[in-house]
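Here's the letter readout for the chains.
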There are 2 protein chains.
Amino acid sequence: MLGPLNHIAIAVPDLAGAVALYGKIGAMVSPPHDLPEHGVTVVFIQFLNTKIELLYPLGEDSPIRSFLAKNPSGGIHHICFEVDDIHATGRKVSGLGVRMLGSGNPKAGAHGLPVLFAHPADFFGTLVEFEQAIAT
Amino acid sequence: MLGPLNHIAIAVPDLAGAVALYGKIGAMVSPPHDLPEHGVTVVFIQFLNTKIELLYPLGEDSPIRSFLAKNPSGGIHHICFEVDDIHATGRKVSGLGVRMLGSGNPKAGAHGLPVLFAHPADFFGTLVEFEQAIAT
């Protein structure tokens, strides 16, 4: 059911500073990209086998603000796995007693693909995102 | 300088429970492996492009105990990148003003290869491990 790790999302209080640091240690960093519907500005850091998504709050209602209030230096926010069938994944994971955030129905994520988030309290403290893989 | 993401390390308070959950959602899970010199029992979860290392405390002095005291449900502990030259990485990253944990000299990590850990306060809240890649 689980495909590759799509990304590790890291919330940072200083996007320019984080971009500069990752760039200086040799990572390939994208330009910042605003996603107003998700309340974040995103920067992708591409590695050989996966990527980091740096998350920075965009707007007053950004869901990242409360995370940064609890973690002022920043921190790892979630990890995301690709799955073949997001609806089947939702049924399977829910059937194991893991709650899904929100309505429990897939919604468009930061890449425009349907995603689901499992409740971290039911996943050993890790916020896990499942993202529909692009059909090949 | 940065090679692939070698692993995401996740500390869990219930190793058998985490192994069961990841197994049930289709991940390939290794048997537990005790590393007394690091104070952890480790389980590897292999994905198509990288792996998760589940960390569980081993012994009274395990460095994972204080992390779990702060994060009772568990949580993402660190991420690890492979590098070509651990000594050059240490010099480069230190030269950017990032402190290294411990003596600052590479020590054998969980895979027996030399590793360094950068201070999370200097890395936007993320504990980053650099691991010497196996020479090819």
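What comes next concerns the included structure. (Residues numbered from 1 in each chain as written. Chains lettered and ligands numbered in written order. Predicted model: local features only at pLDDT ≥ 70, side-chain atom pairs only at ≥ 80, totals over all residues. Heavy atoms only, no water.)

## Comments concerning the overall build of chain A
In plain terms, the rule: Helix numbers and strand numbers start at the N terminus; a helix is a DSSP run of H or I with at least 4 residues, a strand a run of E with at least 2. Should any heavy atoms of two residues lie within 4.5 Å, those residues are considered in contact. Areas reported here follow the Shrake-Rupley algorithm with a probe of radius 1.4 Å; residue values treat only the protein chains shown as occluding. Residues counted as positive are Lys and Arg, residues counted as negative are Asp and Glu, and His and the chain ends are not counted. Just so you know, the charge point we use is NZ for Lys, CZ for Arg, CG for Asp and CD for Glu.
Each helix and strand in chain A was counted, giving three helices and nine strands. Counted from the first residue to the last, chain A has its helices and strands arranged as β-α-β-β-β-β-α-β-α-β-β-β. Each principal axis of the C-alpha distribution contributes one length, and for chain A these read about 45 × 35 × 25 Å. In chain A, of all internal contacts separated by at least 6 residues, the share reaching a separation of at least 24 is 52%. Of the roughly 6200 Å² of accessible surface on chain A, a fraction of 56% belongs to carbon and sulfur atoms. With 8 positive and 12 negative side-chain charges, chain A shows a separation of 6 Å between the mean positions of the two kinds.

## Structural notes on the packing of aromatic side chains
For clarity, the threshold we go by: Aromatic pairing here means that ring centres of Phe, Tyr or Trp (its six-membered ring) are within 6.5 Å. Orientation follows from the plane angle: under 30 degrees is stacked, over 60 is edge-to-face, and everything else is tilted.
In the structure shown here, the tally under the stated rule is six aromatic pairs over all chains. Chaining the aromatic ring pairs together yields one cluster made of Y22(A), F123(B) and F130(B).

## A look at helix α1 (residues 15-24) of chain B
So the rule is basically this: When accessible area is computed with a 1.4 Å probe and restricted to protein chains, residues below 20% of their type maximum are described as buried, those above 50% as exposed, and intermediate ones as partly exposed. To obtain the arc, one takes the directions from the helix axis to the C-beta atoms. In protein, a polar contact means a hydrogen-donor-capable atom and an acceptor-capable atom, both N or O and within 3.5 Å, with residues adjacent in sequence counting only if both atoms are side-chain atoms; elsewhere, any N or O pair within 3.5 Å suffices.
Inspection of α1(B) places L15(B), G17(B), A18(B), L21(B) and Y22(B) among the buried residues, and these make up the whole buried set. Axial view of α1(B): buried residues confined to an arc of 165°, hence all on one face. Contacts made by the buried residues of α1(B) are with β9 (128-132) of chain A together with β1 (2-11), β2 (28-29), β4 (40-46) and β5 (51-57) of chain B. Two or three places before A16(B), at the opening of α1(B), D14(B) has a side-chain oxygen 3.4 Å from that residue's backbone nitrogen.

Read these as geometric descriptors, not functional statements.
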